[in-house]
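# Analysis of the macromolecular model
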Amino acid sequence: MPGAGKSSVGRLVADKLGIPFVDLDAEIEAAAGRTVPDIFRRDGEPAFRELEHEAVVRAAAQAPAVVSCGGGVVLREDNLAAMRAGGCIVWLNVPLATLRRRIRDIIEKRPLVKDPLDLERLYNARLSVYRAAAEHEVVAEGDPQQVARDVVEAVT
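Everything numeric in this text was worked out from a predicted model, so none of it was measured. (Residues numbered from 1 in each chain as written. Predicted model: local features only at pLDDT ≥ 70, side-chain atom pairs only at ≥ 80, totals over all residues. Heavy atoms only, no water.)

## Description of the packing of aromatic side chains
In plain terms, the rule: Any two rings among Phe, Tyr and Trp, with Trp reduced to its six-membered ring, count as a pair given centres within 6.5 Å; such a pair is stacked if its planes are under 30 degrees apart, edge-to-face if over 60, and tilted if neither. Relative accessibility decides the category of a residue: with a 1.4 Å probe and only protein chains considered, values under 20% of the type maximum give buried, values over 50% give exposed, and everything between is partly exposed. The numbering of helices and of strands both runs from the N terminus, where a helix is a DSSP run of H or I of at least 4 residues and a strand a run of E of at least 2.
Considering all chains together, one arrives at two aromatic pairs under this definition. Between phenylalanine 40 and phenylalanine 48 the ring centres are 4.7 Å apart and the planes differ by 35°, which places this aromatic pair in the tilted class. The same class applies to phenylalanine 40 and to phenylalanine 48, which are both buried. Here tryptophan 91 and tyrosine 130 contribute two aromatic rings whose centre-to-centre distance is 6.0 Å and whose plane-to-plane angle is 45°, an arrangement assigned as tilted. Taken as a pair, tryptophan 91 in strand E3 (residues 90–93) and tyrosine 130 in helix H7 (residues 116–133) lie far apart in primary sequence, 39 residues in all. For the residue pair tryptophan 91 and tyrosine 130, the accessibility class agrees, reading buried in each case.

## Some points on the pattern of salt bridges
Spelled out, the test is: Take a side-chain nitrogen of Lys or Arg and a carboxyl oxygen of Asp or Glu: if they are within 4 Å of each other, that pair is a salt bridge.
In this structure the tally under the stated criterion is nine salt bridges. Where arginine 76 meets glutamate 50, a salt bridge forms, and the shortest distance between an N and an O atom there is 3.2 Å. You can see arginine 76 sitting in the loop between strand E2 (66–68) and helix H5 (77–86) and its partner glutamate 50 sitting in helix H4 (residues 45–61), a full 26 residues away along the chain. One salt-bridge network, held together by shared partners, links Arg34, Asp38, Arg41, Arg42 and Asp43.

## A few points about helix H6 (residues 96–103)
For clarity, the cut-off: By construction, the arc corresponds to the directions joining the helix axis to the C-beta atoms.
Three or more residues of H6 are buried, namely Leu96, Thr98, Leu99 and Ile103. Projected down its long axis, H6 carries its buried residues within an arc of 160°, all on one side.

## Looking at helix H3 (residues 36–43)
What counts, and what does not: Note on definitions: a residue-residue contact is assigned when non-hydrogen atoms from the two residues lie within 4.5 Å. Any N or O atom pair separated by 3.5 Å or less is treated as a polar contact, with the protein-specific requirement of one donor-capable and one acceptor-capable atom, and with residues adjacent in sequence counted only for side-chain atom pairs.
Where H3 is concerned, the buried positions are Val36, Asp38, Ile39 and Phe40. Close packing links the buried residues of H3 with helix H2 (24–32) and H4. Between the side-chain oxygen at the start of H3 and the backbone nitrogen of aspartate 38 there is a gap of 3.1 Å, and the oxygen is on threonine 35.

Put into structure tokens, the structure is as follows:
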């Protein structure tokens, strides 16, 4: 989910494990030569999801890394298959109230979350998908350093 801490915790986990960190959105932007919001605005969500799928496949085929994926990546079964083939899936589980607080100042940068009701809709729609996709669930409400330690403990 937006605001779960995927990027900040992911970087810390990568450091602790001594492996690279890959931000899937940054990979998509580099491949497309445009920002994620621009891709959504000009080409729509289906085009973004296709670019996302290509990035997932590339990331899964590389050497071990911590990959920060956007919240919608698990909505495609072919993404899940690539992710599982390349490693394990960790869900950073954050309560909705905490997500609201974390993204309230950057909501205009989120293509699928333009107001708090969008966040609640996404949360409710994706919660069961995240739970089913995850090999490891880590509560990610607290300090990023502690969450990173919890992730490392879960995957090692």
